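Residue strings, one per chain:
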Amino acid sequence: MEPTSSSSSANQDIIKLRAQLDSAVVPPDLHAQATEMIDRLERMINQGFYTEEFERTRHYLNWITALPWDKRVTQPIDLNTIAQTLEQHHYGMQEVKDRILEYMSVYKLRQSQSDGIARSPLIFLVGLVGTGKTTFASALSQALGRPLGRIPFGGMGSARDLRGQSRLHLEAEPGYVIKALKQAGVKNPIILLDEIDRVSESARTDIMGVLVELLDPEQNNRFSDHYLEVDYDLSKVMFITTANSIEMIPDALLDRMELIEFPGYIEEEKLIIAKDYLINRQTEENG
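Residues numbered from 1 in each chain as written. Predicted model: local features only at pLDDT ≥ 70, side-chain atom pairs only at ≥ 80, totals over all residues. Heavy atoms only, no water.

Engineer: Let's hear about the overall build of the chain: which residues, and what values?
Structural biologist: Check the secondary structure of the chain and you find 11 helices and 7 strands. With respect to the principal axes defined by its C-alpha atoms, the chain has extents near 85 × 45 × 45 Å. Put simply, 76% of the contacts in the chain that link residues at least 6 apart link residues at least 24 apart. About 15000 Å² of surface is accessible on the chain, with carbon and sulfur atoms providing 49% of the total. For the chain, the centre of its 30 positive side-chain charges and the centre of its 43 negative side-chain charges are spaced 3 Å apart. (Helix = DSSP H or I, 4+ residues; strand = E, 2+ residues; numbered from the N terminus. Contact = heavy atoms within 4.5 Å. Areas by Shrake-Rupley, 256 points an atom, 1.4 Å probe, with all protein chains shown as cover. Lys, Arg positive; Asp, Glu negative; His and termini not counted. Charge placed at Lys NZ, Arg CZ, Asp CG, Glu CD.)

Structure (C-alpha coordinates):
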(Lines give C-alpha, C1' and ligand atoms only; values in the text may rest on other atoms or scores of the structure.)
Protein backbone atom coordinates (compact mmCIF):
# COMPACT_ATOMS: atom_id res chain seq x y z
CA MET A 1 0.00 0.00 0.00
CA GLU A 2 1.50 3.32 -1.13
CA PRO A 3 1.77 6.14 1.42
CA THR A 4 -0.74 8.95 1.15
CA SER A 5 0.40 12.44 0.17
CA SER A 6 -0.39 13.69 3.69
CA SER A 7 1.79 11.06 5.38
CA SER A 8 4.56 11.71 2.85
CA SER A 9 4.40 15.42 3.64
CA ALA A 10 4.46 14.64 7.35
CA ASN A 11 7.56 12.50 6.90
CA GLN A 12 9.24 15.39 5.07
CA ASP A 13 8.40 17.62 8.04
CA ILE A 14 10.06 15.13 10.37
CA ILE A 15 13.19 15.08 8.20
CA LYS A 16 13.34 18.90 8.27
CA LEU A 17 12.98 18.99 12.06
CA ARG A 18 15.79 16.46 12.52
CA ALA A 19 18.02 18.43 10.14
CA GLN A 20 17.27 21.67 11.99
CA LEU A 21 18.21 20.09 15.32
CA ASP A 22 21.34 18.34 14.05
CA SER A 23 22.68 21.51 12.37
CA ALA A 24 22.42 23.58 15.59
CA VAL A 25 24.76 23.63 18.57
CA VAL A 26 22.77 22.61 21.64
CA PRO A 27 23.77 20.81 24.87
CA PRO A 28 23.79 16.98 24.61
CA ASP A 29 20.99 16.47 27.14
CA LEU A 30 18.79 18.99 25.31
CA HIS A 31 19.57 17.35 21.97
CA ALA A 32 18.47 14.00 23.41
CA GLN A 33 15.26 15.54 24.79
CA ALA A 34 14.42 17.20 21.47
CA THR A 35 15.19 13.99 19.56
CA GLU A 36 12.75 12.13 21.81
CA MET A 37 10.09 14.74 21.02
CA ILE A 38 10.63 14.26 17.28
CA ASP A 39 10.51 10.48 17.68
CA ARG A 40 7.20 10.80 19.49
CA LEU A 41 5.92 13.08 16.78
CA GLU A 42 6.89 10.55 14.12
CA ARG A 43 4.84 7.88 15.91
CA MET A 44 1.83 10.20 15.85
CA ILE A 45 1.86 10.85 12.10
CA ASN A 46 -1.14 8.62 11.45
CA GLN A 47 -3.06 9.89 14.47
CA GLY A 48 -5.40 12.85 14.71
CA PHE A 49 -3.21 14.96 17.01
CA TYR A 50 -0.31 15.24 14.63
CA THR A 51 -0.88 18.84 13.43
CA GLU A 52 -1.16 20.36 16.91
CA GLU A 53 1.79 18.38 18.23
CA PHE A 54 3.86 19.29 15.17
CA GLU A 55 3.34 23.02 15.72
CA ARG A 56 4.19 22.67 19.40
CA THR A 57 7.39 20.74 18.62
CA ARG A 58 8.45 23.05 15.80
CA HIS A 59 7.97 26.11 18.01
CA TYR A 60 10.15 24.53 20.71
CA LEU A 61 12.87 23.58 18.23
CA ASN A 62 12.86 27.09 16.77
CA TRP A 63 13.64 28.43 20.23
CA ILE A 64 16.32 26.00 21.36
CA THR A 65 18.18 26.11 18.03
CA ALA A 66 18.19 29.94 18.00
CA LEU A 67 19.66 30.38 21.49
CA PRO A 68 23.38 31.17 21.91
CA TRP A 69 24.47 28.05 23.78
CA ASP A 70 28.15 28.55 22.93
CA LYS A 71 28.52 31.81 20.95
CA ARG A 72 30.15 34.64 22.90
CA VAL A 73 31.92 37.99 22.52
CA THR A 74 35.68 37.61 22.99
CA GLN A 75 36.64 41.30 22.99
CA PRO A 76 38.85 42.02 26.03
CA ILE A 77 37.83 44.63 28.59
CA ASP A 78 39.68 47.92 27.94
CA LEU A 79 39.29 50.39 30.81
CA ASN A 80 40.52 53.33 28.70
CA THR A 81 37.87 52.63 26.07
CA ILE A 82 35.20 52.45 28.78
CA ALA A 83 36.31 55.80 30.24
CA GLN A 84 36.32 57.48 26.83
CA THR A 85 32.91 56.08 25.92
CA LEU A 86 31.35 57.24 29.19
CA GLU A 87 32.73 60.74 28.55
CA GLN A 88 31.24 60.76 25.05
CA HIS A 89 27.77 59.82 26.31
CA HIS A 90 27.50 61.77 29.58
CA TYR A 91 28.32 65.22 30.81
CA GLY A 92 29.62 65.52 34.37
CA MET A 93 28.74 62.79 36.87
CA GLN A 94 32.40 62.15 37.55
CA GLU A 95 31.71 60.23 40.74
CA VAL A 96 29.36 57.85 38.90
CA LYS A 97 31.93 57.33 36.13
CA ASP A 98 34.67 56.66 38.68
CA ARG A 99 32.49 54.10 40.48
CA ILE A 100 31.72 52.30 37.22
CA LEU A 101 35.40 52.23 36.26
CA GLU A 102 36.30 50.84 39.69
CA TYR A 103 33.62 48.19 39.27
CA MET A 104 34.87 47.26 35.79
CA SER A 105 38.46 47.06 37.06
CA VAL A 106 37.45 44.50 39.66
CA TYR A 107 35.20 42.74 37.15
CA LYS A 108 38.12 42.39 34.71
CA LEU A 109 40.42 41.07 37.42
CA ARG A 110 37.95 38.50 38.74
CA GLN A 111 37.01 37.43 35.21
CA SER A 112 40.66 36.71 34.40
CA GLN A 113 40.92 34.54 37.52
CA SER A 114 37.76 32.48 37.05
CA ASP A 115 37.47 31.24 33.45
CA GLY A 116 35.47 34.21 32.23
CA ILE A 117 33.04 34.27 35.15
CA ALA A 118 33.09 37.40 37.31
CA ARG A 119 31.40 36.42 40.56
CA SER A 120 30.77 39.87 42.00
CA PRO A 121 27.77 42.05 42.89
CA LEU A 122 25.82 43.46 39.94
CA ILE A 123 25.74 47.14 38.99
CA PHE A 124 22.62 48.80 40.43
CA LEU A 125 21.97 52.30 39.09
CA VAL A 126 19.51 54.32 41.19
CA GLY A 127 18.24 57.79 40.38
CA LEU A 128 15.33 59.87 39.15
CA VAL A 129 13.85 59.46 35.68
CA GLY A 130 15.96 61.21 33.04
CA THR A 131 19.31 61.12 34.86
CA GLY A 132 20.86 58.79 32.27
CA LYS A 133 20.79 55.35 33.90
CA THR A 134 19.81 53.51 30.72
CA THR A 135 22.31 55.52 28.66
CA PHE A 136 25.13 54.34 30.92
CA ALA A 137 24.15 50.75 30.12
CA SER A 138 24.20 51.55 26.39
CA ALA A 139 27.63 53.18 26.75
CA LEU A 140 29.02 50.09 28.49
CA SER A 141 27.53 47.89 25.78
CA GLN A 142 29.33 49.94 23.15
CA ALA A 143 32.64 50.02 25.04
CA LEU A 144 32.66 46.26 25.72
CA GLY A 145 31.37 45.26 22.29
CA ARG A 146 28.60 43.24 23.91
CA PRO A 147 25.00 43.37 22.65
CA LEU A 148 22.50 44.94 25.03
CA GLY A 149 19.22 43.22 25.91
CA ARG A 150 16.61 45.09 27.94
CA ILE A 151 13.88 43.71 30.20
CA PRO A 152 11.36 46.39 31.27
CA PHE A 153 9.94 45.75 34.74
CA GLY A 154 7.43 48.59 34.78
CA GLY A 155 4.04 47.03 35.45
CA MET A 156 5.34 43.43 35.28
CA GLY A 157 2.54 41.36 36.77
CA SER A 158 3.86 37.83 37.17
CA ALA A 159 7.07 35.89 37.80
CA ARG A 160 6.10 33.86 34.70
CA ASP A 161 7.14 36.89 32.64
CA LEU A 162 10.72 36.10 33.68
CA ARG A 163 10.55 32.30 33.89
CA GLY A 164 8.30 31.53 30.94
CA GLN A 165 5.31 29.22 30.82
CA SER A 166 5.09 25.44 30.69
CA ARG A 167 4.75 23.88 27.23
CA LEU A 168 1.53 22.25 28.43
CA HIS A 169 -0.10 25.55 27.50
CA LEU A 170 -0.72 25.94 23.77
CA GLU A 171 0.49 29.57 23.58
CA ALA A 172 3.50 29.03 25.87
CA GLU A 173 6.79 30.84 25.29
CA PRO A 174 10.05 31.37 27.19
CA GLY A 175 10.35 34.23 29.66
CA TYR A 176 11.95 37.63 29.12
CA VAL A 177 15.39 36.41 30.22
CA ILE A 178 15.63 33.77 27.49
CA LYS A 179 14.09 36.17 24.97
CA ALA A 180 16.76 38.76 25.81
CA LEU A 181 19.49 36.16 25.21
CA LYS A 182 18.01 35.21 21.85
CA GLN A 183 17.83 38.90 20.93
CA ALA A 184 21.46 39.44 21.96
CA GLY A 185 22.70 36.38 20.08
CA VAL A 186 25.59 35.68 22.50
CA LYS A 187 25.81 34.02 25.91
CA ASN A 188 27.75 36.91 27.52
CA PRO A 189 25.72 40.02 26.64
CA ILE A 190 24.73 42.88 28.90
CA ILE A 191 21.13 42.49 30.08
CA LEU A 192 19.51 45.61 31.49
CA LEU A 193 16.88 44.92 34.15
CA ASP A 194 15.13 48.27 33.89
CA GLU A 195 13.16 49.88 36.74
CA ILE A 196 12.92 46.82 38.95
CA ASP A 197 11.11 48.90 41.60
CA ARG A 198 8.07 49.40 39.34
CA VAL A 199 6.69 45.84 39.25
CA SER A 200 3.06 45.15 40.12
CA GLU A 201 2.47 45.19 43.87
CA SER A 202 0.54 41.92 43.76
CA ALA A 203 3.47 40.07 42.16
CA ARG A 204 6.36 41.90 43.84
CA THR A 205 7.35 39.08 46.22
CA ASP A 206 7.42 36.40 43.50
CA ILE A 207 9.29 38.59 41.01
CA MET A 208 11.88 39.66 43.57
CA GLY A 209 12.37 35.99 44.47
CA VAL A 210 13.22 35.19 40.86
CA LEU A 211 15.57 38.18 40.73
CA VAL A 212 17.45 36.93 43.78
CA GLU A 213 18.14 33.68 41.94
CA LEU A 214 18.85 35.44 38.65
CA LEU A 215 21.47 37.77 40.16
CA ASP A 216 23.08 35.27 42.53
CA PRO A 217 26.39 34.09 41.02
CA GLU A 218 26.09 30.85 43.00
CA GLN A 219 22.75 30.00 41.37
CA ASN A 220 22.45 31.63 37.97
CA ASN A 221 24.64 29.07 36.21
CA ARG A 222 21.55 26.85 36.23
CA PHE A 223 18.66 29.23 35.64
CA SER A 224 15.42 27.35 35.05
CA ASP A 225 12.99 28.56 32.40
CA HIS A 226 9.65 26.73 32.55
CA TYR A 227 9.29 26.62 28.78
CA LEU A 228 12.75 25.23 28.01
CA GLU A 229 12.64 22.76 30.92
CA VAL A 230 16.45 22.68 30.91
CA ASP A 231 18.87 24.85 32.87
CA TYR A 232 20.56 27.75 31.11
CA ASP A 233 23.94 29.08 32.26
CA LEU A 234 23.68 32.84 32.90
CA SER A 235 26.97 33.13 34.78
CA LYS A 236 28.71 34.95 31.91
CA VAL A 237 25.92 37.53 31.46
CA MET A 238 26.64 41.03 32.79
CA PHE A 239 23.43 42.21 34.46
CA ILE A 240 22.80 45.90 35.08
CA THR A 241 19.78 46.88 37.15
CA THR A 242 18.10 50.27 37.48
CA ALA A 243 15.50 51.78 39.79
CA ASN A 244 14.14 55.18 40.72
CA SER A 245 14.26 54.33 44.43
CA ILE A 246 15.48 51.50 46.67
CA GLU A 247 12.53 51.67 49.09
CA MET A 248 10.73 48.68 47.57
CA ILE A 249 13.85 46.54 46.99
CA PRO A 250 14.30 43.70 49.53
CA ASP A 251 17.58 43.41 51.45
CA ALA A 252 18.27 39.96 50.00
CA LEU A 253 18.39 41.53 46.54
CA LEU A 254 20.33 44.64 47.61
CA ASP A 255 23.05 42.39 49.03
CA ARG A 256 23.69 41.06 45.52
CA MET A 257 24.09 44.48 43.87
CA GLU A 258 26.62 47.31 43.82
CA LEU A 259 24.57 50.44 44.46
CA ILE A 260 25.57 53.52 42.42
CA GLU A 261 23.38 56.56 43.00
CA PHE A 262 22.73 59.12 40.24
CA PRO A 263 22.48 62.77 41.26
CA GLY A 264 20.10 65.08 39.45
CA TYR A 265 21.30 67.86 37.10
CA ILE A 266 21.06 71.56 37.90
CA GLU A 267 19.66 73.96 35.29
CA GLU A 268 23.09 75.09 34.03
CA GLU A 269 24.15 71.47 33.48
CA LYS A 270 20.93 70.71 31.61
CA LEU A 271 21.63 73.60 29.24
CA ILE A 272 25.15 72.28 28.50
CA ILE A 273 23.77 68.76 27.94
CA ALA A 274 21.19 70.11 25.49
CA LYS A 275 23.76 72.13 23.53
CA ASP A 276 26.67 69.67 23.51
CA TYR A 277 24.87 66.29 23.47
CA LEU A 278 21.16 66.31 22.64
CA ILE A 279 21.13 68.79 19.74
CA ASN A 280 24.04 67.03 18.01
CA ARG A 281 22.34 63.65 18.48
CA GLN A 282 19.01 64.89 17.11
CA THR A 283 20.74 66.57 14.17
CA GLU A 284 22.45 63.31 13.24
CA GLU A 285 19.29 61.23 13.67
CA ASN A 286 17.34 63.59 11.40
CA GLY A 287 19.93 63.71 8.66
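The rest of the description comes next.
Engineer: I'd like a rundown of a negative patch on the surface, residues and numbers included.
Structural biologist: A surface patch of like charges, here negative, comprises Glu95, Asp98, Glu102 and Glu261. Considering every element that reaches the negative patch, the biggest residue donor is helix α5 (residues 94-113), with 3 residues. Among the structural elements, Asp98 can be located in helix α5. With relative accessibility at 33%, the residue Asp98 sits in the partly exposed group. (Patch = residues over 30% accessible without salt bridge, like charges linked within 9 Å, V, L, I, M, F, W, Y side chains within 5 Å. Salt bridge = Lys/Arg side-chain N within 4 Å of Asp/Glu carboxyl O. Buried < 20%, exposed > 50% of the residue type's maximum accessible area, 1.4 Å probe, protein only.)

Engineer: Run through the packing of aromatic side chains, naming residues and quoting values.
Structural biologist: In total, this model carries 4 aromatic pairs according to the counting rule given. For the pair Trp69 and Tyr232, a centre-to-centre distance of 4.8 Å together with 40° between the ring planes defines the contact as tilted. Of this pair, Trp69 sits in the loop between α3 (50-66) and α4 (79-89) while Tyr232 sits in strand β5 (residues 231-232), and the two are 163 residues apart along the sequence. Over the face of the ring belonging to Tyr60 we find Arg167, whose NZ or CZ atom lies 4.0 Å from the ring centre. Its guanidinium or amino end placed over the ring of Trp63, Lys182 lies 4.2 Å from that ring's centre, counting from NZ or CZ. (Phe/Tyr/Trp six-rings, centres within 6.5 Å; stacked < 30°, edge-to-face > 60°. Lys NZ or Arg CZ within 6 Å of the ring centre and 35° of its normal.)

Engineer: I'd like a description of the pairing of strand β1 (residues 122-126), backed by residues and values.
Structural biologist: Among the 5 residues of β1, 5 are classified as buried, and the element is accordingly described as predominantly covered. Because side chains alternate across β1, one face comprises the buried residues Leu122, Phe124 and Val126, and the other comprises Ile123 and Leu125, equally buried. Bridge analysis of β1 against strand β7 (residues 257-261) gives 5 bridges, and the strand direction is parallel. Paired with Leu122 across the bridge in β7 is Met257. Two strands pair when backbone bridges link them, and β1 and strand β6 (residues 238-243) are joined in this way by 4 bridges, in the parallel orientation. Residue pairing across strands places Ile123 opposite Ile240, the latter belonging to β6. (Pairing = 2+ DSSP bridges.)

Engineer: Can you tell me about the packing of α4 against helix α6 (residues 133-144), naming the residues and giving the values?
Structural biologist: When two helices pack together, their arrangement is given by the angle between the helix axes and the distance between those axes. Where α4 meets α6, the axes come as close as 9 Å, and the angle between the chain directions of the two elements is 140°. Between α4 and α6, the crossing angle belongs to the class labelled oblique. Our pair here, α4 against α6, has a crossing hand that is right-handed. Residue-level contacts link Thr81, Ile82, Thr85, Leu86, Gln88 and His89 of α4 to Thr135, Phe136, Ala139, Leu140, Gln142, Ala143 and Leu144 of α6. (Axes fitted to C-alpha atoms, helices over the stretch in contact; angles between N-to-C directions. Parallel < 35°, antiparallel > 145°, perpendicular 65-115°, else oblique. Left-handed = near helix turned anticlockwise from the far one by under 90°.)

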